[in-house]
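Chain by chain, the residues run as shown.
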Amino acid sequence: MGEQDRGYHADRVSISYWDALGNETVRFFAANLPAEEIPETIDSPNSGLPAGRDKDNPPQLAKMEPYKTHLAYVKERRSDQEAEDILDEAIKTLRDRRKRGDVVF
């Protein structure tokens, strides 16, 4: 009677995920879903930690990098000498504009 009222149930597979604290979370996926579309890790709803399929080797929390400013990224790409050269070029360009009477904002 239930199938007549609610339709047929799709075939499902259950996948268990474990976090570093040993919490198990079960997720259900369509049985005809390709294996590569089933995620290897999820966020555990119990702890917020990443959870993986391997019970004996759960994923560890990734190390959080501190926020970097734009200047920090620039300093990674440029040496001190390159920075001085770019600054000297920008100052020269501004001085040339002022000599010509161009408006600089």
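Everything discussed here concerns the structure shown above.
Analysis parameters
- Throughout this description, residue numbers start from 1 for each chain and increase along the sequence as written.
- Only residues with pLDDT of at least 70 get local features here, since the model is predicted, and only at 80 or more are side-chain atom pairs given and counted; chain-wide, interface and lining totals rely on the full set of residues.
- No hydrogens and no water enter the side-chain calculation; it runs on all heavy atoms of the structure.
- Two distance rules govern patches: like charges are joined within 9 Å, and nonpolar side chains (Val, Leu, Ile, Met, Phe, Trp, Tyr) within 5 Å, applied only to residues with over 30% relative accessible area and no salt bridge.
- Accessibility throughout is a Shrake-Rupley quantity obtained with a 1.4 Å probe, and a residue counts as covered only by protein chains that appear here.
- Any carboxyl oxygen of Asp or Glu within 4 Å of a side-chain nitrogen of Lys or Arg constitutes a salt bridge here.
- Counting rule for charge: Lys and Arg are taken as positive, Asp and Glu as negative, and neither His nor the chain ends is counted.
- Lys charges are placed at NZ, Arg charges at CZ, Asp charges at CG and Glu charges at CD.
- Counting from the N terminus, the helices are DSSP H or I runs at least four residues long and the strands are E runs at least two residues long.
- Buried Ala, Val, Leu, Ile, Met, Phe, Trp, Tyr and Cys residues that are joined via side-chain atoms within 4.5 Å together make up what is termed a nonpolar core.
- Any residue under 20% of the maximum accessible area for its type is buried, any over 50% is exposed, and the rest in between are partly exposed; the area is computed with a 1.4 Å probe on protein chains only.
- In what follows, residue pairs with any heavy atoms lying within 4.5 Å of each other are defined as contacts.
- Criterion used throughout: strands pair if DSSP finds at least two bridges between them.

Trainee: Would you take a moment to explain a negative patch on the surface for this structure?
Mentor: Taken together, Asp80, Glu82, Glu84, Asp85, Asp88 and Glu89 make up a surface patch of like negative charges. One can find aspartate 85 in helix α3 (residues 80–100).

Trainee: Sorry, what's going on with the nonpolar core here?
Mentor: If you look at soluble globular proteins, the nonpolar side chains tend to sit buried side by side. Formed by Ile15, Tyr17, Phe29, Ile38, Ile42 and Ala51, the largest nonpolar core amounts to six residues. Filtering out sequence-adjacent residues up to four positions away, phenylalanine 29 remains in contact with Asp11, Arg12, Val13, Ile15, Tyr17, Ile38 and Pro39.

Trainee: Looking at this structure, how should I read the pairing of strand β2 (residues 24–30)?
Mentor: Remember that side chains alternate between the two faces of the sheet whenever the strand is regular. Relative to β2, strand β1 (residues 12–18) is paired through seven bridges, and the arrangement is antiparallel. When the bridges of β2 are listed, serine 14 appears paired with phenylalanine 28. In this antiparallel pair of consecutive strands, β1 and β2, the connection spans five residues, and glycine 22 shows a positive phi of 90°.

Trainee: What should I look at first to understand the environment of aspartate 56 in this one?
Mentor: By the element assignment, aspartate 56 lies in the loop between β4 (50–52) and α2 (70–77). Between the C-alpha atoms of aspartate 56 and arginine 95, which are 39 residues apart in sequence, the distance is 66 Å.

Trainee: What am I meant to see in the environment of valine 26 here?
Mentor: Within the fold, valine 26 resides in strand β2. For valine 26, a relative accessible area of 36% corresponds to the partly exposed category. Each C-alpha atom, one on valine 26 and one on arginine 53, is 9.9 Å from the other, the two residues being 27 residues apart in sequence.

Trainee: Would you mind going over the side chain of threonine 25 with me for this structure?
Mentor: Its location among the elements puts threonine 25 in strand β2. Setting aside anything within four residues of it in sequence, one finds threonine 25 in contact with Ile15, Ser16, Tyr17, Ile42, Ser44, Pro45 and Asn46.

Function cannot be read off these values alone, since they describe shape.
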